[in-house]
Amino acid sequence: MRIQHNISALNTHRNLSFNNSQAAKNLEKLSSGYKINRAGDDAAGLAISEKMRGQIRGLDMASKNSQDAISLIQTAEGALNETHAILQRMRELAVQSANDTNVSQDREALQQEIEQLTKEIDRIADTTEFNTQKLLNGGFKGTFQIGANEGQNIKLNINQMGAAALGLTATSTIQENVTAANKLQDGTYKVSGTYVYDTNGNQVAKVSGQNIFINGQASYSFTNVKGSVSAGSIITVTDGEATLKAKLSGEAKKLAAGTYEIVGNKVYKDKTEVGSVTGGTATITIGSETVTVNASGLGLSGTLSDSGVKEFKINGVEVSTREQAAATISTIDEAIKLVSNQRSALGAVQNRLEHTINNLGTASENLTAAESRIRDTDMAKEMMEFTKNNILMQAAQSMLAQANQQPQGVLQLLQ
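As annotated in an unreviewed UniProt entry, the chain carries the name Flagellin and is attributed to Ureibacillus suwonensis. Recorded in UniProt for the chain, the comment headed Sequence similarities (unreviewed entry) runs: "Belongs to the bacterial flagellin family." One UniProt comment on the chain, placed under Function (unreviewed entry), says "Flagellin is the subunit protein which polymerizes to form the filaments of bacterial flagella."

Have a look at this one:
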């Protein structure tokens, strides 16, 4: 018998320590709910679990991204809904003006509403924003991250939805003074070929260069007109003074309706700076697009400058005559089609994103279930292990007490 080393007690103590350690791990897993609390619990399982967690959180954020993208699309589509309503009203006015029960004064009132509606279309295009990003000025080219990994995205471009982009700006206004006493009656006149006609189709004057002749007399002179008064121009006479609406050409057709002023080397539209002038050519920014315009494109002679042509007005669609009103119906139909196409594109992406959200939710759910099987504690199984280890721990404690009593037998030999 030996007393220096009680092998039985050492063995029992070792087993007790092991049982204590295992019971402690069982308690940790039961209290935390996780089967893997440290890499030592399952090194490979931890690596797989963390990779899955990255995917799960990425999928959840991608779902949120998709919901935000839908909100952006709904904002743009809601604005275009109002643009559609405006275009329908403009078409209604054009149909009304195309009826010859209207006189010039009636059509002038209709034209005023048309021009205000045109400006409102521009205002909607310029001010519709989502999270400070302008959506309808042609500058939005977005990429939405709709997956957990690189490259899992969709792109969305929204076209310019201003009046000019929809083909609703067609003429510039030139205001000039009467040069002779022989005047036209107040009303609206159109230029066809080299003659001027009233709303009844009666020939009332002749065009020669920049002048309007009545009974052989030069009654109106549009000296600021480039070359000569062109066919298709509209002349409005109020209190004997004539206003000419000339056709736009080139990039001038892209200008939004409104009044443009040149102050120094800056260009202002409705008191807001939109560009600059260099060498008689104006560089104007429209959304994400930059256009260059000279006086010729506006139907004006001279150059654009603070000392030359320093103000010009861009008009919307015209209903000043029956013929123009009839043509405007087709113009507005085309604009309605453009807005419909853009809204359809937005709706298609929105529907796609709704399916994306459903798919992301399903993927996240299934991946979470897989990660749970690796990382989470099976409480019933762990409780069984804890019960076993707890019993073993108590048994080891009892056996350690018994093992410690064994050396007492040595005393019997020493008596």
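There is more to say, and it comes next.
Tell me what's going on with the packing of aromatic side chains, and back it up with residues and numbers.
With the rule as written, the count across this model stands at one aromatic pair. Plain terms: the ring middles of Tyr 260 and Phe 312 are 5.0 Å apart, the flat faces sit at 5° to each other, and that makes the pair stacked. Placement of the pair is Tyr 260 in strand β13 (residues 258-263) and Phe 312 in strand β18 (residues 311-314), with a sequence separation of 52 residues.

Lay out the pattern of salt bridges in plain terms, naming residues and giving numbers.
It is possible for side chains bearing opposite charge to pair when their charged atoms get close. All told, the structure shown has 18 salt bridges when counted by the stated rule. Here Arg 89 makes a salt bridge to Glu 113, at a shortest N to O gap of 2.9 Å. Highlighted residues: Arg 89 in helix α2 (residues 43-97) and Glu 113 in helix α3 (residues 104-127), separated in sequence by 24 residues. Arg 107 serves as the salt-bridge partner of Asp 100, at 2.9 Å between the closest nitrogen and oxygen. Judged by relative accessible area, which is 47%, Asp 100 ranks as partly exposed.

Thresholds applied
- Residues numbered from 1 in each chain as written.
- Predicted model: local features only at pLDDT ≥ 70, side-chain atom pairs only at ≥ 80, totals over all residues.
- Heavy atoms only, no water.
- UniProt positions renumbered as here; feature names shortened; annotations may be inferred.
- Phe/Tyr/Trp six-rings, centres within 6.5 Å; stacked < 30°, edge-to-face > 60°.
- Helix = DSSP H or I, 4+ residues; strand = E, 2+ residues; numbered from the N terminus.
- Salt bridge = Lys/Arg side-chain N within 4 Å of Asp/Glu carboxyl O.
- Buried < 20%, exposed > 50% of the residue type's maximum accessible area, 1.4 Å probe, protein only.

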